[in-house]
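What follows is each chain in one-letter form.
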Amino acid sequence: NVNYGDFNGDGNVDLVTANDGTSSTDILLGVGDGTFAPSQSFVLPSANVTVSVADINVDGKPDLVFNSGEILLNTTPTPTPPPPPPGGLSPPVIQKTSNVKPVSGSVRIKRPGSNAFVNLTGAAQIPLGSTIDASKGRVTTAIARKGGGTDAADFYEGQFVVSQDATGLATLTMDGGSFKSCKKKKVKHALHSAKKRRSIRHLWGSGVGRFRTRGRHSSATVRGTIWDVEDRCDGTLTKVVKGTVSVRAFKKKKTVTVKAGKSYLARK
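Below you will find a few notes about this structure. The structure presented is a predicted model; accordingly, all values stated were derived computationally and were not measured.

### Considerations on the state of the cysteines
Phase 1 of the analysis: Scanning the entire structure with this criterion turns up one disulfide.
Phase 2 of the analysis: A sulfur-sulfur separation of 2.0 Å characterises the disulfide bridge that pairs C182 with C233. Torsion about the S-S bond of the C182 and C233 cystine: about -70 degrees, corresponding to left-handed handedness. With a gap of 51 residues between them, C182 in the loop between β14 (170-174) and α1 (189-196) and C233 in the loop between β18 (225-232) and β19 (235-242) connect regions that are remote in the sequence.
Phase 3 of the analysis: Residue class for C182 comes out buried when judged on its relative accessible area of 15%.
Phase 4 of the analysis: Assessed through its relative accessible area of 6%, C233 is described here as buried.

Quick look at the structure:
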């Protein structure tokens, strides 16, 4: 019989076995990658067939209960949380939070569920799904890497919503602006061409790490660069000033590599 729990409080799944018909039980501590450390064996006074996991003494730690009625209480010391890093902010948590800090100008944030923006006056940890308005400022955004550590980049001259997938890739989806002016009307050809190129919103980014900016018709994944993504009436334009960006065009379902000094328009 096999059961599981986090017996040593390290956040990884551990296993416990009741060795059928014997008085021994084994605990295998998980190391976080799907494998386990060598088993630790314990001998009980009686033979057992099953083992259950429950917090018997209500101390927040899983204990073991055997069908013979024997109980093994978890005596693992409660780990001391690490001190917060300089600045008073805890590290960002993957798929949950990001750390932001205003660099220049005016930066505002709107948390999920709120209808109002508030001024960002200093470093703060915010939930993913928050909207950041850096249209009149510049903000540093830090995200957690899968496996530990953080990535950080600056974003400016735009408004965006931050999300992150399980691999650690953060997506900054442009927000705001109205596309009502893009509706087709009977106008002269030259005026119509200029109208199609009209910029509705854009977002500059500068930095390295697992960041992707997303417009209506394409997304741009950075490899360490300075880049701009612009939603226009005729599509999403990606311009690269430094480094290289991988652009995914949604309509054509293809990925294009854009190098410094080049641009790519993913048409609607």
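Let's pick the thread back up.
### Structural notes on the environment of K268
Phase 1 of the analysis: Counting through the fold element by element, K268 comes out in the segment after β22 (263-267).
Phase 2 of the analysis: Counting along the chain gives 36 residues from K268 to R232, while the straight-line C-alpha distance between them is 9.3 Å.
Phase 3 of the analysis: Ignoring sequence-local partners within four residues, the contact set of K268 consists of H217, C233, D234, G235 and K251.

### So, the pattern of salt bridges
Phase 1 of the analysis: The tally for this structure, following the rule as stated, stands at seven salt bridges.
Phase 2 of the analysis: Between D231 and R201 there is a salt bridge; the shortest N-O distance is 2.8 Å. Of this pair, D231 sits in strand β18 while R201 sits in strand β15 (residues 199-207); the two residues are 30 residues apart in sequence, bridging distant segments of the chain.
Phase 3 of the analysis: By relative accessible area, which is 16% here, R201 ends up buried.
Phase 4 of the analysis: The salt bridge partner of D234 is R232, with a shortest N-O separation of 2.9 Å.
Phase 5 of the analysis: Judged by relative accessible area, R232 falls into the buried class, the value being 13%.
Phase 6 of the analysis: Salt bridges here are not isolated pairs; linked through shared partners, they connect R232, D234 and R267.

### Quick word on the nonpolar core
Phase 1 of the analysis: Counting residues in each nonpolar core, the largest one holds 32 residues, and the members touching the most others are I132, V139, F155, F160 and F211.
Phase 2 of the analysis: Per-element tally for this core: the top contributor is strand β11 (residues 131-144), with four residues.
Phase 3 of the analysis: Excluding its chain neighbours within four sequence positions, the residues that come into contact with F211 are T141, I143, D151, A152, A153, F155, L169, A170, L172, A220, T221 and V222.
Phase 4 of the analysis: One finds I27, L44, L64 and F66 within the second-largest nonpolar core, a separate group that totals nine residues.

### Re unusual backbone geometry
Only a minority of non-glycine residues have a phi that is not negative, and only a minority of peptide bonds are not trans.
Phase 1 of the analysis: One non-glycine residue, E157, adopts positive backbone phi at about 65 degrees.
Phase 2 of the analysis: Tracing the chain through its elements places E157 in the loop between β12 (150-156) and β13 (159-164).
Phase 3 of the analysis: On the basis of relative accessibility, which here comes to 38%, the residue E157 falls in the partly exposed class.

About the criteria used
- Residues numbered from 1 in each chain as written.
- Predicted model: local features only at pLDDT ≥ 70, side-chain atom pairs only at ≥ 80, totals over all residues.
- Heavy atoms only, no water.
- Disulfide = S-S within 2.5 Å.
- Helix = DSSP H or I, 4+ residues; strand = E, 2+ residues; numbered from the N terminus.
- Buried < 20%, exposed > 50% of the residue type's maximum accessible area, 1.4 Å probe, protein only.
- Contact = heavy atoms within 4.5 Å.
- Salt bridge = Lys/Arg side-chain N within 4 Å of Asp/Glu carboxyl O.
- Core = buried A, V, L, I, M, F, W, Y, C linked by side-chain atoms within 4.5 Å.

So far we have only geometry, and geometry alone does not tell us how the molecule works.
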